[in-house]
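Structural overview for review
Read off the chains here:
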Amino acid sequence: MSAFHDLKLKALDGQDLPLAPLKGKVVLVVNVASKCGLTPQYKELEALYQRYKDRGFSVLGLPCNQFAGQEPGTEAEIQEFCSLNYDVTFPLSSKLEVNGHDRHSLYRLLAGEGAEFPGDITWNFEKFLLGKDGRVLARFSPRTTPDDPAVVQAIEKALG
């Protein structure tokens, strides 16, 4: 099992959100925000999730308020926003830090020193594609939409 699968997060509803059940799945990890110009990507993320979930794919949304305060709400407000506006059904964690001193261990793994694609997260909706073994296969900029052919091709290749 990879270090990724060893991690445990908190879900928006306060329940534990262990990553071990994602072992053997291809996962698109995305830091998300409700009040960003890129927020409509939620719709495309949900569409990807629906399209590929039965083939062993998941999206993991990680709300973050580090970019211009664009995720100011409580966990309950974020959940309501995502459900009402985008019918999000993929897993969402509670808010976490993606950069800086308090960077969550998941982001130290994804983008920290020694990572496959190191460097600070540049904005909301930066994406990491992880293979079935939990290794990072690709990193996509926030402006690369979830339905971009490069993202879709990388997911299909990882699914096999």
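Being a predicted model, the structure only gives us computed values, none of them experimental.

1. Quick notes on the pattern of salt bridges
For the coordinates displayed, the defined rule picks out five salt bridges. We note a salt bridge from Glu-126 to Arg-139, for which the minimum N-O separation is 2.5 Å. Of the two residues, Glu-126 is situated in the loop between helix H4 (105–111) and strand S5 (127–130) and Arg-139 in strand S6 (residues 136–140); the sequence distance between them amounts to 13 residues.

2. So, the UniProt feature "active site" (unreviewed entry) in the chain
Look at the UniProt record and you will see "active site" (unreviewed entry) annotated at Cys-36. Within the element layout of this structure, Cys-36 appears in the loop between strand S3 (26–32) and helix H2 (41–52). With residues near it in sequence (within four places) discarded, Cys-36 still touches Gln-70, Trp-123 and Asn-124.

3. What about the sheet that holds S3?
Judged by pairing direction, the sheet is mixed, and its four strands sit side by side in the order S4-S3-S5-S6 without closing on themselves. Looking at the sheet topology across the chains shown, the edges are occupied by strand S4 (57–63) and S6. For this sheet, the mean inter-axis angle between neighbouring strands, taken without regard to orientation, is 20°. Running at roughly 155° to S4, H2 makes contact with S3, S4 and S5 of the sheet.

4. Focus: the pairing of S5
The alternating pattern of S5 places Lys-127 and Leu-129 on one face and Phe-128 and Leu-130 on the opposite face, and all of these are buried. Of the strand pairs in this sheet, S3 and S5 are connected by four bridges, and their pairing is antiparallel. Each bridged residue has a counterpart across the sheet, and for Leu-28 the counterpart in S5 is Leu-129. Where S5 folds back onto S6 in an antiparallel hairpin, the turn is made up of five residues, including Gly-134, whose phi is positive at roughly 90°.

Definitions and cut-offs
Residues numbered from 1 in each chain as written. Predicted model: local features only at pLDDT ≥ 70, side-chain atom pairs only at ≥ 80, totals over all residues. Heavy atoms only, no water. Salt bridge = Lys/Arg side-chain N within 4 Å of Asp/Glu carboxyl O. Helix = DSSP H or I, 4+ residues; strand = E, 2+ residues; numbered from the N terminus. UniProt positions renumbered as here; feature names shortened; annotations may be inferred. Contact = heavy atoms within 4.5 Å. Pairing = 2+ DSSP bridges. Axes fitted to C-alpha atoms, helices over the stretch in contact; angles between N-to-C directions. Buried < 20%, exposed > 50% of the residue type's maximum accessible area, 1.4 Å probe, protein only.

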